[in-house]
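This is what each chain is made of:
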Amino acid sequence: MARRQGDDDGPDSGTLVTPLAEFPPLAPEELGTLRRIGDRWRADHPGELPVDPALGRHAVRPAPTRFGRLAPIAMFRRDEPDELVAAQPANLPGSRLGRALTRLRRAVLGPPLTSTAVLYERMRKLVALPVLSSDLLSSVAYGPEAMLGVLVLAGGGALGLSLPLAAGLVVLMIAVGISYRQTIPAYPHGAGSYIVAGDNLGATAGLTAAAGLMLDYVLTVAVSVAAGVHAVTSALPGLTPFTVPLGVLVIAVLLAGNLRGIRTAGNIFALPTYAFVVALLALLVVGYLRAAGRGFAPVPPPAVPAAEGLGLLLVLRAFASGAVSMTGIEAVSNAIPAFRPREWRNARTTLAWMVGMLVLLFAALTLLIYLDGLAPTSQQTLLSQLARLTFPTGPWYGVIQAATALILLLAANTAFNDFPRLLFFMARVGHAPRRFLHMGDRLAFSNGLVALAGTAALVFVVFGGHTAQLIPLYAVGVFLAFTLSQAGMVEHWRRHRGAGWRRRLAINALGATLSGVVLVTAAVAKFTEGAWVVVVAVPLLVLLFHWVHRHYRSLDAALTLRPPPAAPPRAPPAAAGPTEGEELPQQVRHLVVVPVARLNRASLRALAYAVSLGQPTLAVHIAPEEAESDRFREQWRAWGDHVRLEAIVSPYRAVIGPLAHYLEALHDTAPELVLTVIVPEVVLRRRWHRLLHSRTEQRLRRALRALPGVVVTSVPVHVAE
């Protein structure tokens, strides 16, 4: 699975995230089995088909009609002699409402992209840096405040501990950053902690890391949006009552932007990150110039009464809270295929820039807050206090708050990039629903994006958009993934020894140790504050992933091609094989069954269709009493008694149950038979007309689908009015 740093990558190598993943190829042994089955096939070819399946061009060129000025648009085109390609008009729904909704969707999300465009839907480094670092860099807006918010519980005098704690966090940031920098060339296909832990520590470890990452991404969206809305309400207190609706609206806007595709979303969301970095650097430069004017003498913090005693547990809690500033550091390793070639090299460079900017901004901001003697309050954020103090007049405070609010709101975009991609890699091996392999019109993983947005919006609403209540849930999932990823890299270097492997192993071991310390600290210290939710949710998610994988494994085993029998099946019918196990035409023996409620055009069309198949045919009528059974038999004889009829009296007036049990009894009597049930169905043009009918055909079709060895076919009769 892993490739070395020196591998020669082609222009699109390493890019496993393509629409082809939804249609995996057959394994070599399955292909061999398929050939053996094909050698045994016998099919009667009636000769030429009644239509030209190649949809050849008409001899006469289409021309405008009296009902429209434009000529009909071709739905299919031929690019190669043996291949038809569906054009865009073929994707339009048939109804007027469906076409209107499609036009609205394309106006919001953009026109559909072809599958080959996936090679161009990638980001260059200058776009990937703000897109993938928005979560990481925005966390400096609330990470120092989260740390100081714990320290202030021991009184204003405890705020001085922020400097040594910040120094420890800087060491942790650098160690984890270098560790992930080593992970990228070792695992250039992406998926980060999930692949690394699973490849080196086992499937359960990989799924545990995936569970931690998924919780991290959901909380990233909820926390980032909550912090952004808090920044807005700090500047505009009148909007405080609308915190929850504003947050849900922001999540919806982020979803719409990301549904437009990776490259478009990157171009949309790149500018706010750069604006925030510039605004924060300006704030730091002016703030340090002011501090230099007083000789860098720290301003005493306000007198805050102590609510707790200053002890080791409180210090560890503060350290774990400040560590949320590292959330998003794994984003690049998860999104390597989103980079332009060479993917792993561009990703590694981008990660180095991200970590350098994080260390600079976090350390400088924490030190400036200490020098200015600021303490957390419930009225406004620390960054807002610092901006007011640094820029007491002029528009700069508003600019900084606007940039901060925007980056916090858009920081969730990192999760929108990585969460669907993680689900893609999990679904590829059967640990997540395979619907997450599907790419939408804009080559974005629409199902994963919608799942993330819906879950994050639910969490945001449940917690009322309060950042302080969400952060305790944050660190556990983040550092669980960090710890498992780095521990997996330790095992990776131990097994794949090469030049400098001891140095690399030591770096990853340091990252794993420091991440593990933060993980245990956060889980223990913040357990009663809400971290218990993550502690409980992770094993439940792992069990869910195992259950999904077990289902797909059973499904694949049931659908795997089996070698054909050594000789043509001439044994007695009872030895024909398992139910629904036929793979050769000569193994299939039919009995066509047509349920008939009354003799009308729909039922006669179904009977005509059944008899035209040339197979033994049986008609079944369910009567509520014997008198109705006798009357129907008279009508049947008047029709000519062309098909064998079996009438069943249902004295309790049920239809679906008796018919389903009768068919099941037929199949038990002759298990080698394939019962083809042909259901007549009246198709109504107007939706409201359906309210006037019982829709027995649909209920019957649903009931019969559950029976093994039964094939259900509908014969529609369309009613124009």
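This text follows the structure it describes.
Residues numbered from 1 in each chain as written. Predicted model: local features only at pLDDT ≥ 70, side-chain atom pairs only at ≥ 80, totals over all residues. Heavy atoms only, no water.

How would you summarise helix α6 (residues 192–201) if you had to cite specific residues and measurements?
Within α6, 7 of the 10 residues are buried, which leaves it mostly tucked inside the rest of the structure. For α6, every residue scored as buried is listed here: G192, S193, Y194, I195, V196, A197 and N200. One or two residues past the end of α6 sits G202, with phi positive at roughly 110°. (Buried < 20%, exposed > 50% of the residue type's maximum accessible area, 1.4 Å probe, protein only. Helix = DSSP H or I, 4+ residues; strand = E, 2+ residues; numbered from the N terminus.)

Explain the packing of helix α7 (residues 203–235) against helix α8 (residues 243–259) residue by residue, including any values.
Where α7 contacts α8, the two axes come as close as 10 Å, and the packing angle between them is 125°. It follows that α7 is oblique to α8 by the angle criterion. In this structure, α7 meets α8 at a crossing whose hand is right-handed. Taking contact as the criterion, the partners of V221, V225, V229 and T233 in α7 are, on α8, T243, L246, G247, V250, I251 and L254. Of the residues that constitute the contact of α7 with α8, the class distribution is 7 nonpolar, 3 polar and no charged. (Axes fitted to C-alpha atoms, helices over the stretch in contact; angles between N-to-C directions. Parallel < 35°, antiparallel > 145°, perpendicular 65-115°, else oblique. Left-handed = near helix turned anticlockwise from the far one by under 90°. Contact = heavy atoms within 4.5 Å. Nonpolar A, V, L, I, M, F, W, Y, C, P; charged D, E, K, R; others polar.)

Give a detailed account of the environment of S138, specifying residues and quantitative values.
Here S138 is to be found in helix α3 (residues 125–138). Expressed as a C-alpha distance, the spacing of S138 and L406, which sit 268 residues apart in the sequence, is 9.5 Å. Excluding residues within four positions of it along the chain, S138 makes contact with S133, F276, I407, L408 and A411.

So what about the environment of L137? Which residues, and what values?
Mapped onto the elements, L137 comes out in helix α3. Residue classification places L137 among the buried positions, given a relative accessible area of 0%. With 217 residues separating them along the chain, L137 and M354 place their C-alpha atoms 7.7 Å apart. Apart from the residues lying within four places of it in its own chain, the contact partners of L137 are T273, F276, V277, M354, M357, L358 and L361.

A description of the packing of aromatic side chains should follow, citing residues and the corresponding values.
The full count for this structure, using the stated rule, is 8 aromatic pairs. For the ring pair Y180 and F482, a centre distance of 5.8 Å and an interplane angle of 70° mean the geometry is edge-to-face. Linking Y180 in helix α5 (residues 162–186) with F482 in helix α17 (residues 467–495), this pair joins segments that are 302 residues apart in sequence. The exposure class assigned to Y180 is buried, which follows from its relative accessible area of 0%. Taking the centre distance of 6.4 Å and the plane angle of 85° together, the rings of Y217 and F419 count as edge-to-face. Taken together, the residues Y217 in helix α7 and F419 in helix α15 (residues 413–428) connect sequence positions 202 residues apart. (Phe/Tyr/Trp six-rings, centres within 6.5 Å; stacked < 30°, edge-to-face > 60°.)

Kindly report on the pairing of strand β5 (residues 644–649), identifying the contributing residues and their values.
In terms of strand pairing, strand β4 (residues 617–623) meets β5 through 6 bridges, oriented parallel. Residue pairing in the sheet places I622 in a bridge with I648 of β5. Regarding the hand of the β-α-β motif, the stretch spanning β4, helix α21 (residues 626–639) and β5 is right-handed. (Pairing = 2+ DSSP bridges. Right-handed = clockwise from strand over helix to strand, strands pointing away.)

Help me get a handle on the pairing of strand β3 (residues 589–595), residues and values and all.
Consecutive residues of a regular strand have side chains that alternate between opposite faces of the sheet. Of all the 7 residues making up β3, 5 are buried; the element is thus mostly covered by neighbouring parts of the structure. With 4 bridges joining them, β3 and β4 adopt parallel strand pairing. Within β4, the position partnered with V592 by the bridge is T617. In this fold, the crossover linking β3 to β4 by way of helix α20 (residues 601–612) has right-handed handedness.

Residue-level account of α21, with values.
Look at α21: 20 Å from first C-alpha to last across 14 residues, which is about the 20 Å you get at 1.5 Å a residue. Within α21 the residues assigned to the buried category are E628, S629, F632 and W636. Seen end-on, α21 carries its buried residues on one side only, within an arc spanning 100°. Projecting away from the buried face of α21 at angles above 90 degrees are the exposed residues E626, E634, R637 and A638. Those residues of α21 hidden inside the fold are in contact with α20, β4 and β5. At the C-terminal side of α21, G640 shows a positive phi close to 125°. (Expected span 1.5 Å × (residues − 1). Arc of directions from axis to C-beta.)

Can you tell me about the packing of helix α13 (residues 382–390) against helix α14 (residues 396–410), naming the residues and giving the values?
Between α13 and α14, the shortest axis-to-axis distance is 9 Å and the interhelical angle comes to 160°. Relative to α14, α13 is oriented roughly antiparallel. As for the relative orientation of α13 and α14, their crossing is right-handed in sense. Contacts between α13 and α14 involve L383, S384, A387 and R388 on the former and, on the latter, Y397, I400, Q401 and T404.

Describe the sheet that holds strand β6 (residues 673–684), listing the residues and the values that go with them.
The strand order β5-β4-β3-β6-β7 describes an open sheet built from 5 strands, whose pairing is parallel. The open sheet has two edge strands, β5 and β7 (710–719), and neither has a second partner. Neighbour to neighbour, the strand axes of the sheet diverge by 25° on average, direction disregarded. Sitting on the sheet, α21 touches β4 and β5, and the angle it makes with β5 is about 165°.

So what's going on with the environment of D216? Which residues, and what values?
Position of D216 among the secondary structure elements: in helix α7. By relative accessible area, which is 1% here, D216 ends up buried. Spatially, the C-alpha atoms of D216 and F419 are 9.3 Å apart, while their sequence positions differ by 203 residues.

Report on the pattern of salt bridges, specifying residues and quantitative values.
Two side chains of opposite charge can pair, provided their charged atoms sit close to one another. All told, the structure shown has 6 salt bridges when counted by the stated rule. D556 is paired through a salt bridge with R434; the nearest N and O atoms lie 3.0 Å apart. With D556 in helix α19 (residues 527–559) and R434 in the loop between α15 and α16 (446–462), this pair connects stretches of sequence that are 122 residues apart. The exposure class assigned to R434 is partly exposed, which follows from its relative accessible area of 32%. The partner of E628 in a salt bridge is R631, and the shortest N-O contact between them spans 3.0 Å. With a gap of 3 residues between them, E628 and R631 both fall in helix α21, about one helical turn apart. (Salt bridge = Lys/Arg side-chain N within 4 Å of Asp/Glu carboxyl O.)

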